[in-house]
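# Breakdown of the fold
Residues per chain, in single letters:
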Amino acid sequence: MLIRPLHPDDAETYRRLRLEGLRDSPASFASSFEEERSLTLAEVAERLSPGPDQVVLGAFVADDLAGVVGLRREPKRKLAHKAFLWGVYVTPSHRRRGVARELMTRAIEEAERWPGLRQINLGVNAANGGALALYESLGFRAFGTERGFMLVDGVLHDEHHMVRILSAANA
């Protein structure tokens, strides 16, 4: 497995996987298939433009994009000690093979290198036991639950808000 930052030239492959994830697991994402389907390839490419405060990592298995995770620092000065992890998805054919754990581990390692970053936050559907277990095993802890966070096909879903304090914050 190769994990690397995605770049604008990965936009078509990323878009295909992102739309698959939105169809496959609509209750796992705040974005909808319909919203993201309307994005142009140029808009998707812009999302993948790496910078000092954002990255989208892709996991490749035999040249296939098997999973993704995004990490973005909060843009406001008073919040810039935090980053938000978003868009975690592994295609069903590559699940239960350590792809999500490796993506998350690499995202945490990336965050540890960002000057001044003290914590990573994420949100996860409260009913997604597998994701919760993975995040907890990587040091994330729930700090709150938002009831009725998302409405998908007429069903309300709760979301756990989680945080991982970075080791650089403890140094």
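Here, the structure is the one placed above.
How each quantity is defined
- Residues numbered from 1 in each chain as written.
- Predicted model: local features only at pLDDT ≥ 70, side-chain atom pairs only at ≥ 80, totals over all residues.
- Heavy atoms only, no water.
- Helix = DSSP H or I, 4+ residues; strand = E, 2+ residues; numbered from the N terminus.
- Expected span 1.5 Å × (residues − 1).
- Buried < 20%, exposed > 50% of the residue type's maximum accessible area, 1.4 Å probe, protein only.
- Arc of directions from axis to C-beta.
- Pairing = 2+ DSSP bridges.
- Contact = heavy atoms within 4.5 Å.

Within an α-helix, residues lying three or four positions from one another point in the same direction, as the helix has 3.6 residues per turn. The end-to-end C-alpha separation of helix α4 (residues 99-112) is 20 Å, in line with the 20 Å expected for 14 residues at 1.5 Å each. Inspection of α4 places Val99, Leu103, Met104, Ala107, Ile108 and Ala111 among the buried residues, and these make up the whole buried set. Taken around the axis of α4, the buried residues stretch over an arc of 165 degrees, which confines them to a single face.

This paragraph deals with the pairing of strand β6 (residues 141-152). Here β6 runs beside strand β7 (residues 155-165); their pairing, made up of 8 bridges, is antiparallel. Paired with leucine 151 across the bridge in β7 is leucine 156. In this antiparallel pair of consecutive strands, β6 and β7, the connection spans 2 residues, and aspartate 153 shows a positive phi of 50 degrees.

Checked against the element boundaries, asparagine 125 lands in strand β5 (residues 119-125). For asparagine 125, a relative accessible area of 11% gives the class buried. Excluding residues that lie within four positions of it along the chain, asparagine 125 makes contacts with Ala27, Leu132, His157, Asp158 and Glu159.

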